[in-house]
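Residue-level structural notes
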Amino acid sequence: MLTVIGVRGLDAWLLCSFGALAGSATASSALPSTIVVAVVFASLARRVPLSWLVIGLVTFAGCAWRAHVAVDGYRTAHTSMRQVVSAPQRCHATVEVLTSPTWRGDSLGYTAGVAHAECETGQFSAVPVRLYGGPRELARGDTVEVVAQLGIIRLMRNAGLPDPYVSAARSGVLLSGGVLSATVVRGGHGFVHWVDQLRWHVRERIEATFAPDAVGMAKALVLGENDLTQDEDTAFKASGLAHLLAVSGTHLVFAILSVVSALRFVLCRVPLLAARFDVRRASSAFGVIAALVYADFAGGSGSAWRAAWMLAIGLTLRAIAREVNAVRAAAGSIVVGCVYDPLVAVDVSFMLSLAATFGLLTLGRKWSTWVDRWSLARPVRLAALGLCATLAAMLPCSVLLATLSSGLSVVGIFANVLAAPFGETIALPLCLVHALSSELPLLERGLAVVGSGALLVVRQMALATAGTSALSIPLPWPTDWQCAVVVLGGFTHWYQSSAPWPTGVHRWRTLAPVWCFTIVACLTLEWATHRVGQPQGRLRFTALDVGQGDAGLVDLPDGKIVLVDGGGFVGSPTDPGARVILPILRARRRDRLDVVVLSHPHPDHFGGLLSVMQSVEVGELWDTRQGQLEGAGPEYDELLALAERRGVPVLGPESLCGQRAFGGTRLSVLAPCPGFTPGRNANDNSFVLRFGFQGRALLLTGDAEHFEEAQLSDRMDLDLSADLLKVGHHGSRTSSTTEFLQRVRPTLATVSCGMRNSFGHPHAIALQRLRGSNVTVLRTDLLGSITWVTDGQAMWVETAVESSSAE
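Presented here is a report on the structure given in the accompanying data block.

1. Observations regarding the overall build of the chain
Scanning the chain from N- to C-terminus turns up 29 helices and 24 strands. Along the first, second and third principal axes, the C-alpha set of the chain runs to 100 × 70 × 50 Å. By residue count, 52% of the 807 residues in the chain fall in the buried class. Within the chain, residue pairs in contact and separated by at least 24 positions form 72% of the contacts whose partners lie at least 6 positions apart. Of the accessible surface of the chain, which amounts to about 35500 Å², a share of 61% is contributed by carbon and sulfur atoms. Computed over 65 positive and 63 negative side-chain charges, the separation of the two mean positions in the chain equals 11 Å.

Below, the structure written as structure tokens:
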């Protein structure tokens, strides 16, 4: 029987698992995690043996050390590799496939270890790389000769967002790129190679037999591959039904326990075996192996491995005739996870699986008991139990879900109750049996038809409920300190619940103050976060790290905010709007942009604006009009069409040029005035904006090159002086002329460029001219995001990366 966590259930094993997970979490939030551990262990000092606390603290310290060593080692390796291969270049390499190849659309992706590689700028070996492309039947263990276009992995470091080095350190991948040609020179062997071959076979059969609209969902359910269309992926996430297509703990438990039960059923009916062996223990032992094999076959996600480890521990105890405690088995999965991966706490799928499991083991069991006390009709009872399970699993996950989505769909809670029978009771078993039925064509086709039907019902529910944003509970991006407060609130709730209760004293009288204090503390932290995100009486400019593109946020003294450009990667599916700008806005508690400025119609400046304008309210869109008249591609046209649909006015230079009071500053639109120059490069038709605040000023130049700079320099009636200059055209040699710098006389300059850029930005001659003008240069490729703040008198700079890498 499952036991609810209480003082009698607390032991060294649980404290060890808590210490291990908290130690792993210090890689991303060191101080909050350490304080949580200190408070928890200090509270338990008089209730548990000292030896248990020592075990927990030693585990915490050891896991914290391992986590920081992993991140620091990766950071060092990444910096060293940038000296060898930075911009994408052609490399000839011999590699061994390390991870199961996965397909998304027509793209094959996998991680490989480089035995030896020769690139245009150097040689290297023993480096993990992420490759895209190769033979369809590729499997782990294969040795492949490849010609690939490799570059340093793109990491965008922005203050207020999680450190990308932490998540990147989990895989260790330093380079990535597309495969131009590949030849398997030696096939792999062994168990994992066979597993990948089986995955390839199952993938082929799903594509051949399932309905086209259900193929992506079937592959997600069986193989753990996300091959959904963009609309489907968005709908499943927005509706809260994405877990139905993930290889979750429930999924794995259902599959393995079904196999164990079926094996026990068969063995019990073989008299010779039933008489000589304990078939219950034998089938449990088989289940241990099956759980680990299936987790690997299903893609090896964090949630799959966590569930597999928990199930393996429970089945092992049953196989050796020991009492099975689900809570301790879950705690054991934490310890195994931290041993296997010192950074497991930053694996969102692992943490979601863990939180949902503890919710079901504690809240779910208690709430189910309450439902059983009522005499309900069977359909009503099943619906009530389903709702209890959904809420019990979702409530502990709410903080984690807030990092993934800006809202929690109320409709999605009820959609889960309706969709779960189709997804978990019908589609899942049918898809799993389908994977084993290729030798029976009629059965295989029948299973595919019925399984496709069930999956399409789930798909329709996701599409129908995804648009109900009006019934969504808004969730702010939780800070590390808010997460710490919630964890401490949950611990205090358990701590008070486990204490003896005097006769006549109701629990709510003790527990209500706990949650009142937790809520008040979270709201206080929310108020403080709001104040920091929306400063008053200061001018703040943040050059965001969006790779080889340009995006900047200007917070104005009266609270207004302006987004200048949205970054973009030419030829890459990465959306800097969704990946950087929207998370930054959520972290700063911004749901409106007063002005969006497109400095000029180039993809590395408007690539992320579409997703931004789809997600937040926008007051005005400023555009030079050049793209409207000369054309700038379908994405630009879609951006203007979206502005029209949402009623966002699009303003051009003809109504913007000149100086005005705006947001507590003196805003000057200096170019292109009175309008863009036809036939001239869009760079030299960029918006040039100057924000003046008391005795300080900021000058933003888009991608202005020497023509536009010369035009401005010749206008002696214009005030170009600025303390901070956003350097034009990413630090190209065609910008930052000496004459222009003499007119501006900046103290600081920011250069927006990517560590992976193939243009050589910033160019040495531009840096030389800046240094010759006594300008301190701050580069996003070296420092991450750069924030400049002034109160009108003093000014200061903060960067995402603490470094002395200023030019």
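That was the structure; now back to the text.
2. Concerning the state of the cysteines
For the structure shown, the criterion picks out 2 disulfides. Between the sulfur of cysteine 657 and that of cysteine 673 lies a disulfide, 2.0 Å long from S to S. In this structure the cystine formed by cysteine 657 and cysteine 673 twists about its S-S bond by roughly -100°; its chirality is therefore left-handed. Of this pair, cysteine 657 sits in the loop between helix H25 (653-656) and strand S16 (658-662) while cysteine 673 sits in the loop between strand S17 (665-671) and strand S18 (688-693), placing them 16 residues apart in sequence. For cysteine 657, a relative accessible area of 27% corresponds to the partly exposed category.

3. A short note on the pairing of strand S1 (residues 89-97)
Here S1 shows one buried face, formed by Gln89, Cys91, Ala93, Val95 and Val97, and one open face, formed by Arg90, His92, Thr94 and Glu96. Pairing of S1 with strand S6 (residues 143-152), which is carried by 8 bridges, proceeds in the antiparallel orientation. Within S6, the position partnered with threonine 94 by the bridge is glutamate 145. Bridge count for S1 against strand S3 (residues 107-119) is 7 bridges, and the pairing is antiparallel.

4. Here we look at helix H4 (residues 164-171)
Within H4, burial applies to Pro164, Tyr165, Val166, Ala168 and Ala169. Its side-chain oxygen at 3.0 Å from the backbone nitrogen of tyrosine 165, aspartate 163 defines the N-terminal cap of H4. Looking at the residues trailing H4, positive phi occurs at glycine 172, about 75°.

5. What about the sheet that holds strand S13 (residues 592-598)?
One open sheet holds the 8 strands; their spatial order is S15-S14-S13-S12-S11-S10-S23-S24, and the pairing between them is mixed. Strands with a single pairing partner mark the edges of an open sheet, and in this sheet they are strand S15 (650-651) and strand S24 (795-799). The sheet contact formed by strand S10 (residues 539-543) and strand S11 (residues 552-555) spans 4 bridges and is antiparallel. From the neighbouring strand, alanine 543 faces S11, where its bridge partner is glycine 552. Sheet strands in contact with helix H24 (residues 634-645) are S13, strand S14 (617-623) and S15, and its direction is about 130° off that of S14.

6. Examining the nonpolar core
Core analysis: the largest hydrophobic core is formed by 69 residues, its most contacted members being Phe210, Phe236, Leu252, Ile256, Tyr294 and Leu455. A per-element tally of this core places helix H11 (residues 302-319) first, with 9 residues. Not counting chain neighbours up to four residues away, the residues in contact with leucine 455 comprise Phe210, Ala214, Met217, Ala218, Leu221, Leu245, Ala427 and Cys431. Judged by nonpolar contacts, the second largest core, of 39 residues, contains Tyr74, Val114, Cys119 and Val144.

7. Concerning the packing of aromatic side chains
Where two aromatic rings form a pair, the distance of their centres and the angle of their planes describe that pair. Inspection of the entire model under this criterion finds 8 aromatic pairs. Between tyrosine 74 and tyrosine 165 the ring centres are 6.1 Å apart and the planes differ by 65°, which places this aromatic pair in the edge-to-face class. With tyrosine 74 in helix H3 (residues 50-84) and tyrosine 165 in helix H4, this residue pair connects regions lying 91 residues apart in the sequence. Both residues of the pair, tyrosine 74 and tyrosine 165, count as buried. The lysine or arginine in question, arginine 136, covers the ring of tryptophan 103, its NZ or CZ lying 4.7 Å from the ring centre.

8. Details of the sheet that holds strand S21 (residues 748-751)
Ordered by their spatial adjacency, 7 strands build an open sheet running S16-S17-S18-S19-S20-S21-S22, and the pairing between neighbours is mixed. Every other strand in the sheet has two partners, leaving S16 and strand S22 (776-779) as the edge strands with one partner each. With strand direction ignored, the average angle separating the axes of adjacent strands in the sheet is 20°. Of the strand pairs in this sheet, S21 and S22 are connected by 4 bridges, and their pairing is parallel. Bridge pairing links threonine 750 to leucine 778 in S22.

Basis of the calculations
- Residues numbered from 1 in each chain as written.
- Predicted model: local features only at pLDDT ≥ 70, side-chain atom pairs only at ≥ 80, totals over all residues.
- Heavy atoms only, no water.
- Helix = DSSP H or I, 4+ residues; strand = E, 2+ residues; numbered from the N terminus.
- Buried < 20%, exposed > 50% of the residue type's maximum accessible area, 1.4 Å probe, protein only.
- Contact = heavy atoms within 4.5 Å.
- Areas by Shrake-Rupley, 256 points an atom, 1.4 Å probe, with all protein chains shown as cover.
- Lys, Arg positive; Asp, Glu negative; His and termini not counted.
- Charge placed at Lys NZ, Arg CZ, Asp CG, Glu CD.
- Disulfide = S-S within 2.5 Å.
- Pairing = 2+ DSSP bridges.
- Polar contact = N/O pair within 3.5 Å; in protein donor to acceptor, adjacent residues only side chain to side chain.
- Axes fitted to C-alpha atoms, helices over the stretch in contact; angles between N-to-C directions.
- Core = buried A, V, L, I, M, F, W, Y, C linked by side-chain atoms within 4.5 Å.
- Phe/Tyr/Trp six-rings, centres within 6.5 Å; stacked < 30°, edge-to-face > 60°.
- Lys NZ or Arg CZ within 6 Å of the ring centre and 35° of its normal.

So yeah, pure geometry; function would need other evidence.
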